[in-house]
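Structural overview for review
As a plain string of letters, each chain reads:
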Amino acid sequence: MLEILQPYSDIILSVCSIIFSISLFPTIYHNYKNHLCEIPFSTSLPTFFGMSMVTMVYIANDFELATIIGSITTLAWLTIAIQKHKYSV
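Residues numbered from 1 in each chain as written. Predicted model: local features only at pLDDT ≥ 70, side-chain atom pairs only at ≥ 80, totals over all residues. Heavy atoms only, no water.

**Regarding the packing of helix 1 (residues 9-34) against helix 3 (residues 64-88)**
One way to put it is that helix 1 packs onto helix 3 with a least axis distance of 8 Å and a crossing angle of 20°. Here helix 1 lies roughly parallel to helix 3, going by the angle between them. Taken as a pair, helix 1 and helix 3 cross one another with a handedness that is left-handed. Residue classes in the contact of helix 1 with helix 3 are distributed as 15 nonpolar, nine polar and two charged. (Axes fitted to C-alpha atoms, helices over the stretch in contact; angles between N-to-C directions. Helix = DSSP H or I, 4+ residues; strand = E, 2+ residues; numbered from the N terminus. Parallel < 35°, antiparallel > 145°, perpendicular 65-115°, else oblique. Left-handed = near helix turned anticlockwise from the far one by under 90°. Nonpolar A, V, L, I, M, F, W, Y, C, P; charged D, E, K, R; others polar.)

Next comes the structure, spelled out in structure tokens:
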């Protein structure tokens, strides 16, 4: 029944990753502007590592577009973790 989605897997995963990435950019900008980060390491670091693994699965399955967008989402979570470290000092 779900075989119909298989040819569109890369596009579907990419669209979802784009939505996740776009939702993070206002957070990153807010943190930068106000020199604070309210997102704890207990959220940002596991999400960063989880997204890293998801992106590696995209690579393993040759989802080129999803790999690129997933990498952006991964870097966004890394940026948030770095902001938490930088602004907590």
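**A few points about a nonpolar patch on the surface**
A contiguous nonpolar patch, built from Met-1, Leu-2, Ile-4, Leu-5, Tyr-8, Ile-11, Ile-12, Val-15, Ile-19 and Phe-20 and spanning about 1,100 Å² of accessible area, is present on the exposed surface. Relative to the elements of secondary structure, Ile-12 occurs in helix 1. We classify Ile-12 as partly exposed; its relative accessible area is 36%. (Patch = residues over 30% accessible without salt bridge, like charges linked within 9 Å, V, L, I, M, F, W, Y side chains within 5 Å. Areas by Shrake-Rupley, 256 points an atom, 1.4 Å probe, with all protein chains shown as cover. Salt bridge = Lys/Arg side-chain N within 4 Å of Asp/Glu carboxyl O. Buried < 20%, exposed > 50% of the residue type's maximum accessible area, 1.4 Å probe, protein only.)

**Examining the nonpolar core**
Counting nine residues, the largest nonpolar core consists of Leu-24, Ile-28, Cys-37, Ile-39, Phe-48, Met-51, Ala-76, Trp-77 and Ile-80. When contributions to this core are tallied by element, the ones reaching two or more residues are helix 1, helix 2 (41-60) and helix 3. Per element, the largest residue contribution to this core is three residues, and it comes from helix 3. Leaving out residues up to four positions away in the same chain, Phe-48 has contacts with Thr-74, Trp-77 and Leu-78. (Core = buried A, V, L, I, M, F, W, Y, C linked by side-chain atoms within 4.5 Å. Contact = heavy atoms within 4.5 Å.)

**Some points on the environment of Tyr-32**
For Tyr-32, the position within the fold is in helix 1. Once residues lying within four places of it in the same chain are set aside, the contact partners of Tyr-32 are Gln-83 and Tyr-87.

**With respect to the environment of Met-1**
Summarising the element assignment, Met-1 is placed in the segment before helix 1. Judged by relative accessible area, Met-1 falls into the exposed class, the value being 81%. In sequence terms Met-1 and Val-54 are 53 residues apart; their C-alpha atoms lie 24 Å from each other.

So far we have only geometry, and geometry alone does not tell us how the molecule works.
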